[in-house]
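Topology and contacts: notes
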Amino acid sequence: MDEPDEALIRRCQAGDTDAFGLLVKRYAGRATGLAVVLVGDYADALDVSQEAFVRAWRHIRTFRGEGSFFAWYSSILRKVALTWLRRRRRRKETEPADACLAPASGVDPAVLAERNDESERLWRAILRLPTRHREIIVLSHFQGLSYKEIAGVLEIPLGTVMSRLHAARQALRKELSGVDP
Amino acid sequence: MSCEDYRPLITGYVDDELSAADRRRLESHLRACDACRRERDELVAFKEHLTMIKFKEPSDAELERYWKRVYNRLERGVGWILFSLGAIVVLCWAAFAAIEAMIKDPDVSLVLKVGVVSLIAGGVVLFVSIVRERLTVRKTDKYSREVER
C-alpha cells in the first residue's frame, strides 16, 4: 500500500530524500499540468514544476499540514511560474500545451476522435482565458482543490474564490460559445 | 437580492462549498426562480463536460527521469552553498592578511590606513543592515522572491 503523504512529509522533514522522491513522483503529473496552464509550454512547464519541487524541499520544514501537500506545493509553483513569466515578459508556446493531455479511452474510433477533438477545444479555450481565470479553473476542476485551499494558493480571501470562479466559468462558457466575454 | 446576486452562490452550491445558511437561502430562491434553476442545471452540465479533459499520467520511466532532474538540482544547490562558503572563507582570510600587512607596514601613510579601515567598517555595516532587512522580509514572506508584485 502507498505510504500516505503525512508519513512521507514527516520523513522529508527529517531529511529523507527518498521520501521526497516518492512525493515528487506522486505529484509530477498534476504539477506539470498546472505548470502548463501557467507558462503555456510543455518543456518550460517541466522545468518550472521541477524548480518548484526544489523550493518545496528547501522549505519542507515550514509545512505544517494545515492543507494538503499539493495545495502547499501549488502556491510555490504559482510563485515560481510568475517569476519565470516576468523574466520572460510573455508566454511563448514552442511545444503544444496539450502535450499534457491524456487521449480519450474507448473502443469506437469515431467517438474517440470526437472526444479528443472536444477535449482539445476545451483545453485551448481554457488557455485563452486571462491568467486569473485560467488558474482558478484548473485548481478547482482539474486539481480538485477546495475553496479554502484555492484561497491559500492564490492568496485571496475565501469569499473572492467563489466570485472569481463564477466569473471564470462565465468567461469560459462564453469563450466556448464563441461570444466575446 | 436579485438573480445576479445569487449567481456566484450557485457556483458555490454546485461545488458543495456553501455555508448551511447560504445553502438554505439559495435553495429557497431556486424553488421560486426558473432562470436560476436553469443556470444551476447548466453549471452542473458544464462541470460534467469539463471532466472530458484528463491529464496524461507519466510512465514510470518518465517519472524516474523527472525525479532525477529534481534530485540533480537539489545536489547542485548543496554544491553551490559549499562552494560559496569556501570562497567567502578564503577571500576573507586573504583580505584580512593583506590589511594586517598594510597596517603593520610603517611605509604606508596613516591617512591611507584610516581610509582603508573606514572603507571596511562601512562595508560591514552596510552588509549587516542588508542581511537584517532580508531576514525581516523573509519572516513575513517566506517566498518573497517569487511573490507577484
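Residues numbered from 1 in each chain as written. Chains lettered and ligands numbered in written order. Predicted model: local features only at pLDDT ≥ 70, side-chain atom pairs only at ≥ 80, totals over all residues.

1. Points about the overall build of chain B
Within chain B one finds five helices and zero strands. Reading the secondary structure of chain B in the N-to-C direction produces α-α-α-α-α. A compact globule built from 149 residues should have a C-alpha radius of gyration of about 15 Å, whereas chain B, at 32 Å, is more than 25% larger. Dimensions of chain B along its principal axes, counting C-alpha atoms only, are 100 × 50 × 20 Å. The proportion of buried residues among the 149 residues of chain B is 11%. A separation of at least 24 residues holds for 38% of the contacts in chain B among residues at least 6 apart in sequence. (Helix = DSSP H or I, 4+ residues; strand = E, 2+ residues; numbered from the N terminus. Rg over C-alpha atoms; globule rule 2.2 N^0.38 Å. Buried ≥ 20, exposed ≤ 12 C-beta atoms within 10 Å, placed from the backbone. Contact = placed C-beta atoms within 7 Å.)

2. As for the interface of chain B and chain A
Every contact between the two is made by 30 residues of chain B and, on the other side, 36 residues of chain A. Elements supplying a minimum of two residues to the side of chain B that touches chain A: helix H1 (3-14), helix H3 (34-50) and helix H4 (60-104) of chain B. Here the side of chain B that touches chain A takes nine residues from H4 of chain B, the largest share from any one element. Here the side of chain B that touches chain A is built from residues that sort into 16 nonpolar, three polar and eleven charged. (Nonpolar A, V, L, I, M, F, W, Y, C, P; charged D, E, K, R; others polar.)

3. A closer look at the domain arrangement of chain B
Parsing chain B into structural domains produces domain 1 (3-50), domain 2 (58-104) and domain 3 (109-149). Summarising the inter-unit geometry, the C-alpha centres of domain 1 of chain B and domain 2 of chain B are found 55 Å apart. (Domains from an automatic or database assignment.)

4. Here's the deal with the domain arrangement of chain A
Many analyses report the size of an interface as the accessible area lost when the parts associate. Residues and elements named next belong to chain A. For chain A, the domain assignment lists domain 1 (1-99) and domain 2 (101-181). Between domain 1 and domain 2, the residue contacts involve 15 residues of the former and 14 residues of the latter. Among the elements of the structure, helix H2 (17-39) and helix H4 (69-88) are those that each provide at least two residues to the side of domain 1 that touches domain 2. Classifying every residue of the side of domain 1 that touches domain 2 by side-chain character gives six nonpolar, six polar and three charged.

5. Looking at the nonpolar core
In this structure, Val 24, Ala 35, Ala 52, Tyr 73 and Leu 77 of chain A are the most contacted members of the largest nonpolar core, which totals 53 residues. When residues in this core are grouped by element, the largest group, twelve residues, is from H2 of chain A. Contacts of Leu 77 of chain A, omitting those with residues within four sequence positions, involve Ala 31, Leu 34, Ala 35, Ser 49 and Ala 52 of chain A. In terms of nonpolar packing, the next biggest core, distinct from the first, is built from eight residues, Leu 9, Ile 10, Tyr 13 and Leu 26 of chain B among them. (Core = buried A, V, L, I, M, F, W, Y, C linked by C-beta atoms within 7 Å.)

6. Brief notes about the environment of Tyr 6 of chain B
Residue and element names in this part refer to chain B. Mapping Tyr 6 onto the fold places it in helix H1. For the pair Tyr 6 and Arg 25, spaced 19 residues apart in sequence, the C-alpha to C-alpha distance is 9.3 Å. When sequence neighbours within four positions are dropped, the list of residues in contact with Tyr 6 reads Met 1, Leu 26, His 29 and Cys 36.

7. Looking at the confidence of the model for chain B
All names here are of chain B. The share of residues in chain B with pLDDT of 70 or more is 92%, and the mean pLDDT across the chain is 86. Confidence scores differ between elements of chain B, with helix H5 (residues 110-140) showing the lowest mean pLDDT of 86 and helix H2 (residues 20-32) the highest of 92. Residue range residues 142-149 is modelled with pLDDT below 50. Its contacts to residues more than four positions away, or to other chains, number 14 contacts. Predicted as a complex, the structure gets a pTM of 0.72 and an ipTM equal to 0.79. (pLDDT = per-residue confidence, 0-100.)

8. A look at helix H6 (residues 131-142) of chain A
With twelve residues, H6 of chain A extends 16 Å between its outermost C-alpha atoms, agreeing within 8% with the 16 Å of an ideal straight helix rising 1.5 Å per residue. Contacts made by the buried residues of H6 of chain A are with H2, H4, helix H5 (109-128), helix H7 (147-154) and helix H8 (158-177) of chain A together with H3 of chain B. The positive-phi residue at the C-terminal boundary of H6 of chain A is Gly 144 of chain A, with phi of around 65°. (Expected span 1.5 Å × (residues − 1).)

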